[in-house]
Structures are given as C-alpha cells and as structure tokens.
Amino acid sequence: MTAASAAFAETELTVYTAVEAEDLARYAETFNQSHPDIKINWVRDSTGIITAKLLAERDNPQADVVWGLAATSLLLLKSEGMLEPYAPAGVDQLDPKFVDGDSPPSWVGMDAWVASVCYNTVEAEKLGLTPPASWKDLTDPQYAGHVIMPNPNSSGTGFLDVSSWLQMFGEEEGWKYMDALHENIARYTHSGSKPCKLAAAGEIPIGISFAFRGAKSKAAGAPLEIIVPSEGVGWDMEATAIVAGTANLEAAQTLVDFTVTKEANEMYNTGYAVVAYPGVAKPVEHFPEGLLDAMIDNDFEFAANNRAAILKEWQARYDGKSEAK
C-alpha cells in the first residue's frame, strides 16, 4: 500500500494467509486501488502453521479474514464453527466447484495449485540419474538421498501430496509407498515451494513441489524439467473466508467481495494457471502440458476429515528427517 493510501486508512484488517510472501504487496496494492480506506496487516506463514494458529486461537480469534489458505483447512475451520458465512457480491459468477456448497457459503475459492516434480537436468546428469515418470519411480534406489519434499504438518503442498497418495493408492499401499519414498528423501522442508527452489538452485536434483513454482523458476532460467507423474497429481485450492467474531465485519466483507472479482482473479492468474472466475485464466509460461488432465478427483471431505489422523501418523513415521524449524 502506498504512503498516501495508508494515511487515509480508516480500518485495519488482520489477514492470515499462506500466499507466497513475494505476492502479498501486490495483492494489497491492487485491493487498495479501489479501497484505500482499508489497511491490510498480513500474518503470513505456511499452510500448516496458519491452520494450527487459527485453531489455537479458536476461543480468542485474532484474524479478521483468511485470504489464501487451503480449502481443506477452511473445511476444518468451518466444521469447528470458526467461519462467518457470507455470500460475497458476484460469487454467482464463479465456477461452482470453487464455492462452499452451503448457502450462504462459509468459504470461496480463488485458484488451484497442483503437485509436480521439479527435476534439475544438469545436476541429475552429473549423478547419472534418469528422469522419473511416476511417483513410484521415485522409490528407485538410484534416487537415494536425492529427493526433497515438504513436511505435510507445515506445508499445504506436503499435505496434498500425502492426501492424494492415500486416495490414489489406498491407505495401506499409500503408507507403504511413503515408507519406500522416505528411504530416498534427503530431508523434509517446512515450505511447499522450497523443494523446487532448491532443485532450481542445484542443491538437490529432485524437488517434490507444485507446478507454478517450477514454471516460475524455469522462466527465470533454471535447468528444470517439470514432471507430471503418470498416476495423477494431487491439488488443493486457495480460498478465502471471514473469521467468525470479527469486530470489523463490514470491512471484512468488502475485502472478501474484492477477492471474487474478475480483477482479483486476473491477479491470481499471474501465478496460478487455474482460477475460480471462468474465462480469466491465460496460459502460464512453462506450465507443464497435461497437468490439468492429471489432477485427481480430489475428495476434499476425506482430506479435511482425516487431516489430523494423517498428520499424526506421518509425524510418527518420518519426522526424523525434517528440517529444524
């Protein structure tokens, strides 16, 4: 936000988000072009951290709005009665699958982010690796110590990976798959974009991450191949909601009204190839072909309802290789 608009700000909103930190100033500036009287105070962290923070504050909410958190997290918050139902102006223009099914909806989707594998062709060639074509290929011994993925307790990307493997392979085979993959994991990060950033920087040949981060890094010149595993890929959507009990309800509604506009969706499309407003999305440079067709039929209710149990099991099995926080 500019100094001039800040000077006229009449209401301040505390907005919790997992949107990439580099995008937050642009989001606020775009909103303030039409609403200079509302100042956004961001609280940004990874999906798992923001979700845990909101749950911990259940009896004393500190946030007014959540703008950019996984829909699976918002389903969980909704089940806890922590969201204020609200139908933002223009919500009927959105693709219905991006809108909570209740009327009025408790959350509204913005965009979707999709799993993929970032493969550094230069570093892989030095090590004599061959490119994986599937998730199960990543359990091949040739990749031992050469794979990094996000910790699902911290990262929404990590959680959508684990949730999708359990959906695609079944619970028993899914955990067997992760046991085998764990043997090849160098470490688990607390950010969903970091494995791809590390692969782009040549610090690891293979990063399990999400496609738009890979596309951005490739556009910046990184020697990456963005691989779409043949079994299909997990995905989640970023979504927006008003926190129940906010003392700034009118301003919160104004912000959420903005988040569903065509203008806001054009803004999301800078980083995401799939957005909620039909007809807005333009191709993202280097976005891998076939990715949208590979998106699994994601069961968000399964992911939300089993989230706590999945994360507990994952923690018990694999946390020993997690980065220090």
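The structure reproduced in this document is the subject of the present report. Quick caveat: nothing in here was measured; it's all calculated off a predicted structure. (Residues numbered from 1 in each chain as written. Predicted model: local features only at pLDDT ≥ 70, side-chain atom pairs only at ≥ 80, totals over all residues. Heavy atoms only, no water.)

What makes a disulfide is a covalent bond joining the sulfur atoms belonging to two cysteines. For the structure shown, the criterion picks out one disulfide. Put simply, Cys118 and Cys196 are joined by a disulfide, and their sulfur atoms are 2.0 Å apart. With the S-S dihedral at roughly -85°, the linkage between Cys118 and Cys196 falls on the left-handed side. Linking Cys118 in strand 5 (residues 108-120) with Cys196 in helix 8 (residues 194-200), this pair joins segments that are 78 residues apart in sequence. Given a relative accessible area of 0%, Cys196 falls into the buried group. (Disulfide = S-S within 2.5 Å. Helix = DSSP H or I, 4+ residues; strand = E, 2+ residues; numbered from the N terminus. Buried < 20%, exposed > 50% of the residue type's maximum accessible area, 1.4 Å probe, protein only.)

The next subject is the packing of helix 2 (residues 21-34) against helix 10 (residues 249-259). Where helix 2 meets helix 10, the closest approach of the two axes is 11 Å, and the angle between their N-to-C directions is 110°. When the axes of helix 2 and helix 10 are compared, the pair comes out roughly perpendicular. Every residue of helix 10 that contacts helix 2 at Thr30, Phe31 and Ser34 is listed here: Thr254, Leu255 and Phe258. Of the residues contributing to the contact of helix 2 with helix 10, the split by class is three nonpolar, three polar and no charged. (Axes fitted to C-alpha atoms, helices over the stretch in contact; angles between N-to-C directions. Parallel < 35°, antiparallel > 145°, perpendicular 65-115°, else oblique. Contact = heavy atoms within 4.5 Å. Nonpolar A, V, L, I, M, F, W, Y, C, P; charged D, E, K, R; others polar.)

Further remarks concern the pattern of salt bridges. Counted by the stated rule, this structure contains 18 salt bridges. Between Glu57 and Lys53 there is a salt bridge; the shortest N-O distance is 3.3 Å. One network of salt bridges, in which partners are shared, links Glu20, Glu22, Asp23, Arg26, Arg44, Arg213 and Lys216. (Salt bridge = Lys/Arg side-chain N within 4 Å of Asp/Glu carboxyl O.)

Here we take up the nonpolar core. Formed by 102 residues in total, the largest nonpolar core has its most connected members in Leu54, Trp67, Leu74, Trp135, Trp165 and Met178. A total of eight residues in this core trace back to one element, the largest contributor, which is strand 5. With residues near it in sequence (within four places) discarded, Trp165 still touches Trp135, Met149, Gly170, Gly174, Tyr177, Met178, Leu181 and Ile208. Core analysis: the next-biggest nonpolar cluster, separate from the first, contains nine residues, Cys118, Ala199, Ala200 and Ala222 among them. (Core = buried A, V, L, I, M, F, W, Y, C linked by side-chain atoms within 4.5 Å.)

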